[in-house]
Amino acid sequence: MADLENKITVDERLGHIAFIMDGNGRWAQKRMMPRTYGHKHGAENFKNIVRYCGDIGIKAVTVYAFSTENWGRPKNEVDTIMNLLSQYLDTCEEEMKIHNIRYKFLGDMSVFTPELRKKIEHVEELSKDNGLLLNVALNYGSRAEIVHAFKVLAAEGKREITEEDISGALYTAHCPDPDIIVRTGGDIRLSNFLLWQAQYSEFYFTDVLWPDLSPSDVDEIVREFYRRKRKYGKV
Ligand code: FPP
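Residues numbered from 1 in each chain as written. Predicted model: local features only at pLDDT ≥ 70, side-chain atom pairs only at ≥ 80, totals over all residues. Heavy atoms only, no water.

Trainee: Please explain the overall build of the protein chain as it appears in this structure.
Mentor: Regarding its fold elements, the protein chain presents 7 helices and 8 strands. Against the globule reference of 18 Å for 235 residues, the protein chain gives a C-alpha radius of gyration of 18 Å, in line with a compact fold. In terms of overall dimensions, the protein chain has a C-alpha envelope of 55 × 50 × 35 Å along the principal axes. Residues classed as buried in the protein chain amount to 48% of the 235 residues present. Here the contacts in the protein chain between residues at least 6 apart in sequence split such that 75% fall between residues at least 24 apart. Taken together, the 32 basic and 36 acidic charged side chains of the protein chain have centroids lying 3 Å from each other. (Helix = DSSP H or I, 4+ residues; strand = E, 2+ residues; numbered from the N terminus. Rg over C-alpha atoms; globule rule 2.2 N^0.38 Å. Buried < 20%, exposed > 50% of the residue type's maximum accessible area, 1.4 Å probe, protein only. Contact = heavy atoms within 4.5 Å. Lys, Arg positive; Asp, Glu negative; His and termini not counted. Charge placed at Lys NZ, Arg CZ, Asp CG, Glu CD.)

Trainee: Can you walk me through helix α4 (residues 114–126) in this structure?
Mentor: An α-helical turn contains 3.6 residues, so any two residues separated by three or four positions project in the same direction. Under the 1.5 Å per step criterion, the end-to-end length of α4 is 18 Å for 13 residues, consistent within 8% with the ideal 18 Å. Taken together, the buried positions of α4 are occupied by Leu116, Lys119, Ile120 and Val123. Each buried residue of α4 lies within a common arc of 100° when the element is viewed along its axis, so the set occupies one face. In α4, the exposed positions angled more than 90 degrees off the buried face are occupied by Pro114, Lys118 and Glu121. Residues of α4 that are buried in the fold lie against α3 (75–99), β5 (101–106) and β6 (132–140). (Expected span 1.5 Å × (residues − 1). Arc of directions from axis to C-beta.)

Trainee: What is the right way to read the nonpolar core from this model?
Mentor: Nonpolar side chains in soluble globular proteins tend to be buried together. In terms of nonpolar packing, the biggest core is built from 46 residues, with Phe19 and Val61 touching the most fellow members. The biggest single contributor to this core is α3, with 8 residues. The contact partners of Phe19, leaving out residues within four places of it in the chain, are Ile49, Cys53, Val61, Thr62, Val63, Tyr64, Val182, Phe193, Trp210, Leu213 and Ile221. Tyr64, Leu106, Ile181 and Leu190 belong to the second-largest nonpolar core, a separate cluster that totals 11 residues. (Core = buried A, V, L, I, M, F, W, Y, C linked by side-chain atoms within 4.5 Å.)

Trainee: What is the right way to read a nonpolar patch on the surface from this model?
Mentor: Together, Ile188, Phe203 and Phe205 give the surface a local cluster of nonpolar side chains, amounting to about 280 Å² of exposed area. Among the secondary structure elements, Phe203 is positioned in strand β8 (residues 202–205). Residue classification places Phe203 among the partly exposed positions, given a relative accessible area of 30%. (Patch = residues over 30% accessible without salt bridge, like charges linked within 9 Å, V, L, I, M, F, W, Y side chains within 5 Å. Areas by Shrake-Rupley, 256 points an atom, 1.4 Å probe, with all protein chains shown as cover. Salt bridge = Lys/Arg side-chain N within 4 Å of Asp/Glu carboxyl O.)

Trainee: Hey, could you run me through the side chain of Asn70 in this one?
Mentor: When you line up the elements, Asn70 lands in the loop between β4 (60–67) and α3. We classify Asn70 as buried; its relative accessible area is 16%. A polar contact of 2.8 Å, which involves the side chain of Asn70, links it to the backbone nitrogen of Ser67. (Polar contact = N/O pair within 3.5 Å; in protein donor to acceptor, adjacent residues only side chain to side chain.)

Trainee: Can you walk me through the pattern of salt bridges in this structure?
Mentor: Oppositely charged side chains can pair when the atoms bearing their charge come close. Taken as a whole and assessed by the stated rule, the structure comprises 18 salt bridges. In this structure, Glu95 engages Arg51 in a salt bridge whose closest nitrogen and oxygen atoms are separated by 3.0 Å. Linking Glu95 in helix α3 with Arg51 in helix α2 (residues 35–55), this pair joins segments that are 44 residues apart in sequence. Classification of Glu95 by relative accessible area gives buried; the value is 7%. Linked by salt bridges that have partners in common, Asp179, Glu202, Glu220, Arg223, Glu224, Arg227, Arg228 and Arg230 make up one network.

Spelled out as structure tokens, the structure:
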């Protein structure tokens, strides 16, 4: 890590950061606004934070945008998030050019409308040679992902299954495990996010609500990461 003139840059030790973007609803409620207002601001901040992570040299960012459990939210909230997603996908082409983003969507995409799926596939294909990997977990649940991986391996007729086989059949097969998983919004849990991949990830929990997470908060996360001693089960 270098901290030249207050600008942080990371090295290969911090290649992949993952975010559980929690607290949008409370952020809006604090302003006497509907929860959906918080998601709109959360979506804006998501773009800012991804750009900032790229600026400081992080190679891969994963965000938990919509879980398999989030379908249980009120219809207007689910509809708002789906609309934000659709609008977001429309901006990706511009975004990928300016910020060199390579998009990957993690999760079971079969539940989305053909229109949305087409957009997702288009964006993935168009950005596939870019540098900053952005994994957007959508209709994602870690247990469902692991079950899916086993089904893939079973369909291939695999009998002797290794850890590498499982890692290679997950939605995240194209990238290394996250070095750090950050959760905003004050809760201290993983909520079915990257359970397999989190084997030796560092964890960082903050009370800051997602729409308020700032570049200087990211700097503090980076500093804290470099203070940690990663032992991978050794001494
Ligand atoms: C958690 O906050 C957030 C979500 C369930 C959705 C995250 C969605 C976005 C940031 C916007 C859409 C994303 C894209 C990719 C455009 P919460 O609603 O659980 O907040 P609360 O804990 O305060 O209720």
